[in-house]
Structures are given as C-alpha cells and as structure tokens.
Amino acid sequence: MGDSLITVVAIFLAAILMFIFPLMSLAERTDDISNLAVQTATTEFVDKVRTTGKMTIEDYDAYLSDLTSTGNSFDVEILIQQLDENPGVKTTQAEATKIGENLYYNIYTTQVLEQLDKTGRITLKEGDLVTVTAKNTNQTISQMLRNFFYMISGNDSYQVAGQHTGVVSVNGSTSR
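These lines cover the structure that appears in this document, whether it is placed above or below. What you see is a predicted model, and the numbers here were worked out from it, not measured in a lab.

Quick notes on the rules
- Residues numbered from 1 in each chain as written.
- Predicted model: local features only at pLDDT ≥ 70, side-chain atom pairs only at ≥ 80, totals over all residues.
- Heavy atoms only, no water.
- Patch = residues over 30% accessible without salt bridge, like charges linked within 9 Å, V, L, I, M, F, W, Y side chains within 5 Å.
- Areas by Shrake-Rupley, 256 points an atom, 1.4 Å probe, with all protein chains shown as cover.
- Salt bridge = Lys/Arg side-chain N within 4 Å of Asp/Glu carboxyl O.
- Helix = DSSP H or I, 4+ residues; strand = E, 2+ residues; numbered from the N terminus.
- Buried < 20%, exposed > 50% of the residue type's maximum accessible area, 1.4 Å probe, protein only.
- Arc of directions from axis to C-beta.
- Contact = heavy atoms within 4.5 Å.
- Expected span 1.5 Å × (residues − 1).
- Phe/Tyr/Trp six-rings, centres within 6.5 Å; stacked < 30°, edge-to-face > 60°.
- Polar contact = N/O pair within 3.5 Å; in protein donor to acceptor, adjacent residues only side chain to side chain.

A short note on a nonpolar patch on the surface
Thought 1: Taken together, the side chains of Leu17, Phe21, Phe148, Phe149 and Tyr150 define a hydrophobic patch exposed on the protein surface, amounting to about 560 Å² of accessible area.
Thought 2: For the nonpolar patch, the secondary structure elements donating two or more residues are helix H1 (2-52) and helix H4 (141-150).
Thought 3: With three residues, H4 is the single largest residue contributor to the nonpolar patch.

Some remarks on helix H3 (residues 109-119)
Thought 1: Among the residues of H3, those classed as buried are Thr109, Val112 and Leu116. Down the axis of H3, the buried side of the element spans an arc of 65 degrees, and every buried residue falls inside it. Those residues of H3 that are exposed and aimed more than 90 degrees away from the buried face are Thr110, Asp117 and Lys118.
Thought 2: Buried residues along H3 sit in contact with strand E1 (54-56), helix H2 (57-68), strand E2 (74-83), strand E3 (104-107) and strand E4 (121-123).
Thought 3: A positive backbone phi angle near 85 degrees is found at glycine 120, which sits one or two residues after H3.

A look at H2
Thought 1: An ideal rise of 1.5 Å per residue puts 16 Å on twelve residues; H2 measures up with 16 Å between its terminal C-alpha atoms.
Thought 2: Restricting attention to buried positions, one finds in H2 the residues Ile57, Asp59, Tyr60, Tyr63 and Leu67. Projected onto a plane normal to the axis of H2, the buried residues spread over an arc of 160 degrees and lie on a single side.

Brief notes about the packing of aromatic side chains
Thought 1: This structure, assessed with the given rule, holds two aromatic pairs.
Thought 2: Linked through ring pairs, Phe45, Tyr60 and Tyr63 together constitute an aromatic cluster.

Description of the environment of asparagine 138
Thought 1: Within the secondary structure layout, asparagine 138 lies in the loop between strand E5 (129-136) and H4.
Thought 2: Taking the relative accessible area as the measure of exposure, asparagine 138 reaches 24% and is therefore partly exposed.
Thought 3: Beyond its immediate chain neighbours, meaning those up to four positions away, asparagine 138 contacts Gly71, Asn72, Ser73 and Gln143.
Thought 4: A polar contact of 3.3 Å, which involves the side chain of asparagine 138, links it to the backbone nitrogen of serine 73.

Okay, here's the thing in structure tokens:
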C-alpha cells in the first residue's frame, strides 16, 4: 500500500513539473511580451502628442488598436495638465518661466474623449504635460494560473500595463 501511494504522489509531482510549470512560464513570457508592446505603444503615443502639440482622434484610435492587438482589453486613463495662460495674475511679477508661478489645470480622460469626439483634436501648447496610463482589465492566462496555484486574488490586480508622461515641446497648430 505504501509503495502505491508513493507512486501516485510521484506521478502527480512529475505531471506538475512536466506540464504546469512550463505552462506558467510560457504564460508569464506572453504577458511580458504584451507588457513591452503596451509600454512601447504608450510611449510612442505620448511622444507623438508631445512633439506635435496635438492629440487627434486618429492617433488615439491607432493607439487603442495597438493595445488591443495584444489580445487584452484595456482601461486607458489620460491626464492633460494645461499650463495656465495667465500665470502672473496673483503676483507682482508676470514672468511665466519662474519656478513656482506656473499653474496647471487638469483635463481628465472623459473630458479628453468628449473633446476628441466633438472636434477630432486637442491642441496643446508648449509646457503642457500629457500622461497616459493603460492597464489590462481582463485576466490573462498567467493571472488565472497564478491565482489558482498561489491563491492570489483581487479585482484590482493587473499584469499588463504601460505609462508614460511627457512635456509638450511645441505649440500645436490650429489648422487641420
């Protein structure tokens, strides 16, 4: 009886070592590749906005297409911090380049999408800040396996994400 129990345990351990761990390793590698693709797409999108001074609906749709090509669904958050056009209102000095006098107001994702839907573009000026964050909303195979074997669970956990921030370096043109 003792030999058959040891044999069953040995077969079970061999199955885990031969099938489960390679599957987990492959799933982790797939998530790493997706993570790299998302980070690259996010960086390219922000850098295009930063260097052209404008965000267009076409650029945003292309960015979303790049994200979904990884096979995951994403929650994209956009924060645009626009430099106040009149930073010296409350001070005696009206020089906008001084540290501490620059004031920003925030435009969040819903406001950005509303403006893109209305006009098809957002024009930015030099000194504005653009931050884009993308996090996957679905569970990847790697997350499911990890949750099963390690009993890690949580709705806020994400495996694939990308974030990039940049300062707009040129004034966007108002012409289409």
